[in-house]
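# Summary of the model geometry
Spelled out, the chains give:
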Amino acid sequence: VAFVSAKRREWLGSANPLEVKIHRRLDRMIATLLSEYLLVPLIFIAVVAFMSHEYTRTWGKVDVEEAFRCICQVSGPRCMAAQAVGGYATVDDAGDAGDAEQ
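From N to C terminus, the chain includes six helices and zero strands. Shown N-terminal to C-terminal, the secondary structure of the chain runs as helices and strands in the order α-α-α-α-α-α. Taking the principal axes of its C-alpha atoms as reference, the chain extends roughly 90 × 40 × 30 Å. Taken over 102 residues, the chain has a buried fraction of 9%. Sequence separation of 24 or more characterises 0% of the internal contacts of the chain that already satisfy a separation of 6 or more. Carbon together with sulfur atoms contributes 63% to the accessible area of the chain, which is approximately 9400 Å² in total. With 11 positive and 13 negative side-chain charges, the chain shows a spacing of 26 Å between the two charge centroids.

Structural data, given as structure tokens:
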């Protein structure tokens with residue numbers, strides 16, 4: 001209250017505490033709904049459902065897997081970059097070829 005004008009200080013000084021009605025059923029219901037025993041499984045189910053949707057939807061991760069493999073690992077039978085660096089279909093095939101050369 002150090003930076004409050006005298007008028008507002010007087011107004012705040014005459015304020016009374018708020019009175020709150022106690023609702024035991026409502027308090028118990030809110031405590032149950034906000035408990036970690038309900039929220040953790042609920043969040044887990046939501047995350048699994050979202051991930052499942054993202055992987056299986058049209059143009060989801062399953063549909064574009066070959067493109068991701070080409071971009072990230074430079075592998076795949078239809079990846080031009082893989083053909084340019086040796087033509088291996090998978091990273092394991094390239095590793096096997098490297099082991100055979102040694």
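A few words now on the state of the cysteines. In total, this model carries one disulfide according to the counting rule given. Linked covalently through their sulfurs, cysteine 70 and cysteine 79 form a disulfide whose S-S length is 2.0 Å. Residues cysteine 70 and cysteine 79 are joined through a disulfide that is right-handed, its torsion about the S-S bond being 65°. Taking relative accessible area as the criterion, cysteine 79 reaches 3% and is therefore assigned buried. Counting only cysteine sulfurs, cysteine 70 is the nearest neighbor of cysteine 72, a cysteine outside any disulfide, at a range of 9.4 Å.

Phi at tryptophan 59 is positive, roughly 60°, even though this residue is not glycine. Along the chain, tryptophan 59 turns up in the loop between helix 3 (36–56) and helix 4 (65–73). Residue tryptophan 59 is classed as exposed on the basis of its relative accessible area of 64%.

This brings us to the packing of aromatic side chains. Evaluated as defined, the whole model comprises zero aromatic pairs. For lysine 61, the ring lying beneath its charged end belongs to tyrosine 55, and the centroid distance is 5.9 Å.

With that settled, consider the pattern of salt bridges. Two side chains with opposite charge may pair up if their charged atoms get near one another. Within this structure, the stated rule accounts for one salt bridge. Put simply, arginine 57 and glutamate 54 hold a salt bridge, and the shortest N to O gap is 3.1 Å.

Parameters and conventions
Residues numbered from 1 in each chain as written. Predicted model: local features only at pLDDT ≥ 70, side-chain atom pairs only at ≥ 80, totals over all residues. Heavy atoms only, no water. Helix = DSSP H or I, 4+ residues; strand = E, 2+ residues; numbered from the N terminus. Buried < 20%, exposed > 50% of the residue type's maximum accessible area, 1.4 Å probe, protein only. Contact = heavy atoms within 4.5 Å. Areas by Shrake-Rupley, 256 points an atom, 1.4 Å probe, with all protein chains shown as cover. Lys, Arg positive; Asp, Glu negative; His and termini not counted. Charge placed at Lys NZ, Arg CZ, Asp CG, Glu CD. Disulfide = S-S within 2.5 Å. Phe/Tyr/Trp six-rings, centres within 6.5 Å; stacked < 30°, edge-to-face > 60°. Lys NZ or Arg CZ within 6 Å of the ring centre and 35° of its normal. Salt bridge = Lys/Arg side-chain N within 4 Å of Asp/Glu carboxyl O.

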